[in-house]
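# Residue-level structural notes
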Amino acid sequence: MKIKLIAIICLLPAIAVAQKSNFTISGQIGKLGKPAKVYIDYSDNGTNHEDSALVIDGKFKLAGMVSGITTSRISLDHTGEGKAHSIYAPNADVVYIYFGKENIVFRSADSLANAVVAGSKVYDEFQAYNKQIGGTIMALTKAVNAEFSSGTPAQQKDTAFIKAVDARFRRNIEKRNEKQFEFARNNPDSYFALVALSESAGTKVDVNKVEPVYKALKAEYRNTDMGKELEQRIEAAGTTAVGVQAPEFTQNNVEGKPVSLSSLKGKYVLIEFWASWCAPCRAGNPNLVKQYELYKDKGFEIISVSLDNVKDRWIDAIKKDGLPWLQVSDLKGWNNAVGRLYGVRAVPQSFLLDKEGKVIGNTLRDETLNAKLAELFNN
């Protein structure tokens, strides 16, 4: 048992850093040199960017433009094994920070993870915020993995031990969510109140609880891309509830031809949100294929909305998994217009519609989906 943190940032193709810049991130990591390389992914106002820089005699420098506060992932490849290794390897040297129009400096004898960070007021506020809410998700994940690893070989195979470790981890996450909500309610003038509320609201937004706190936030934060996305999730909680007419949408298929949800009226429709990089999505596809074959001739249709941003990977996954139903995407990753319309913050996610286009189920998966379909078509 090992809790895996999968931090996924969907990226557009790499862009060159403009000559003008309003932020720099530089560092001195010991005397590290070739083939070491630093990678950064950051999202600015709904657009994702990536860049990289070589580490020479311990020094590196990244620069770019941001419109305001942004979230980022910075990783250091010590051995020249590539970006993916620098992010996902068991001993990955990767940090997740917020920054603004600032000149930020990392200093460490050995790694980004152990670096002292200077020059960023936003980073300092981020650290203070994390202290109040009980730490980052990465820190909690690291702690639970360490707890599991400290068990004996026998304990690591023992179901009771595994469940106990997992239960403590989940309680810590719940406590963190509660503290995040309190932070958001008590600090409406802080950018991190928006961050806290966005995270604690989760995928199933409690509108009565979240909306008043959202409306109390500073207008400039509500008008950021994160603020607008949270507003969409609040609205989606009502527009995608069971019994409500599902929001209409049109998006292009793999051939670039538009497909509309309304064209499927008269059928039971499963709107399935997924991505080629989503392991649970891919693992569930064989069951979807089976259910589709069982009921497609009885009036069942699936329309899959991909949160991919690379067309070749999307198409390759469709072919490898043998998915014969409708597939659409705007290739904007987490900023997929339909995903945002439906308030999707995690995949897989699904909405089952009746013949009139009303929602009759959401987050149905595997056995719960199978049971619902059997109820609909076998009665």
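Everything discussed here concerns the structure shown above.
A brief report on the enclosed structure follows. On a predicted model such as this, the values are computed, not experimentally measured, just so you know. (Residues numbered from 1 in each chain as written. Predicted model: local features only at pLDDT ≥ 70, side-chain atom pairs only at ≥ 80, totals over all residues. Heavy atoms only, no water.)

## A word on the environment of Arg365
Looking at where Arg365 falls in the secondary structure, it is placed in the loop between strand S15 (359-362) and helix H13 (367-378). Counting along the chain gives 189 residues from Arg365 to Arg176, while the straight-line C-alpha distance between them is 27 Å. When neighbours within four sequence positions are excluded, Arg365 is seen to be in contact with Glu272, Pro280, Cys281, Gly284, Leu288 and Pro348. There is a polar contact of 2.2 Å between the side chain of Arg365 and the side chain of Glu272. (Helix = DSSP H or I, 4+ residues; strand = E, 2+ residues; numbered from the N terminus. Contact = heavy atoms within 4.5 Å. Polar contact = N/O pair within 3.5 Å; in protein donor to acceptor, adjacent residues only side chain to side chain.)

## Some thoughts on the nonpolar core
One finds Ile271, Phe273, Phe300 and Tyr342 to be the most contacted residues of the largest nonpolar core, which totals 41 residues. Those residues within four positions of Tyr342 in sequence are excluded, and the remaining contacts are Ala236, Thr240, Ala246, Pro247, Phe249, Leu261, Ile271, Phe273 and Phe351. (Core = buried A, V, L, I, M, F, W, Y, C linked by side-chain atoms within 4.5 Å. Buried < 20%, exposed > 50% of the residue type's maximum accessible area, 1.4 Å probe, protein only.)

## Concerning the sheet that holds strand S2 (residues 37-44)
As summarised here, the arrangement of the four strands in space is S3-S2-S5-S6, forming an open sheet in which the pairing is antiparallel. Of all the strands in the sheet, just strand S3 (47-54) and strand S6 (93-99) have a single pairing partner and so form its edges. With direction set aside, neighbouring strand axes in the sheet form an average angle of 20°. For S2 and S3, the ladder comprises eight bridges, and the chain directions are antiparallel. Across the sheet, residue Val38 finds its bridge partner in S3, namely Ala53. (Pairing = 2+ DSSP bridges. Axes fitted to C-alpha atoms, helices over the stretch in contact; angles between N-to-C directions.)

## Considering the sheet that holds strand S14 (residues 349-353)
The strands making up a sheet are joined through hydrogen bonds of the backbone, oriented either antiparallel or parallel. Taken in spatial order, the five strands of this open sheet run S13-S12-S11-S14-S15, and their pairing is mixed. Strands at the two margins of the open sheet, each flanked by one partner only, are strand S13 (326-328) and S15. Each adjacent strand pair in this sheet contributes to an overall mean axis angle of 20°, direction not counted.

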